[in-house]
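Chain and residue survey
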Amino acid sequence: MTEELNDFCTDLKDLFMRQDFAQMEELLAGKTDGEITELAMYEHDILTKYYEQEKYQMLITHLNFAAFASYLFEYAGKRGVFTPSQFQQGFRIFLDIYELAQNAKKQQ
């Protein structure tokens, strides 16, 4: 990822934490499909790495990051940069992490 795109992603994370989704979507609309795909897959791949290493507690601890990555992936899916099957397959990880978090909450 370029430094410019990385800085853009940092700005998006800040907006996400402030729940300024309208501003996020406005900024994302100005990016190319390639940039949107790169952003979504970059964040998705980070989560996938930790998920495959079974670092579930860390994922649960950083649920805001997982939610941000999920938002980007959903945005990319709605924009049509993935085929429906690519989206379903890729989105599965977010559903699994959410389920892990819900199960952890029930056990407390």
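Residues numbered from 1 in each chain as written. Predicted model: local features only at pLDDT ≥ 70, side-chain atom pairs only at ≥ 80, totals over all residues. Heavy atoms only, no water.

**Considering the side chain of Glu-43**
Along the chain, Glu-43 falls in helix α3 (residues 33–52). Overall, the relative accessible area of 0% leaves Glu-43 in the buried class. Look past the residues within four positions of Glu-43 in its chain and what remains in contact with it is Cys-9, Lys-13, Phe-65, Phe-68, Ala-69 and Leu-72. (Helix = DSSP H or I, 4+ residues; strand = E, 2+ residues; numbered from the N terminus. Buried < 20%, exposed > 50% of the residue type's maximum accessible area, 1.4 Å probe, protein only. Contact = heavy atoms within 4.5 Å.)

**Quick word on the nonpolar core**
Counting 27 residues, the largest nonpolar core has Leu-12, Met-24, Leu-28, Leu-39, Leu-47, Phe-68 and Phe-94 as the members making the most contacts within it. When contributions to this core are tallied by element, the ones reaching two or more residues are α1 (3–17), α2 (21–29), α3, α5 (63–79) and α6 (84–107). It is α5 that contributes the most residues to this core, eight residues altogether. Among residues more than four places away in sequence, those in contact with Met-24 are Leu-12, Leu-15, Phe-16, Phe-68 and Tyr-71. (Core = buried A, V, L, I, M, F, W, Y, C linked by side-chain atoms within 4.5 Å.)

**Some words on the pattern of salt bridges**
Per the counting criterion, the structure on display carries four salt bridges. Across the pair Glu-43 and Lys-13 runs a salt bridge, and its minimum N-O distance is 3.9 Å. Of this pair, Glu-43 sits in helix α3 while Lys-13 sits in helix α1, and the two are 30 residues apart along the sequence. Between Arg-79 and Asp-33 there is a salt bridge, and its shortest N-O distance comes to 2.8 Å. Remark: Asp-33 occurs in helix α3 and Arg-79 occurs in helix α5; sequence separation between them is 46 residues. Accessibility expressed as a relative area gives 41% for Asp-33, which makes it partly exposed. (Salt bridge = Lys/Arg side-chain N within 4 Å of Asp/Glu carboxyl O.)

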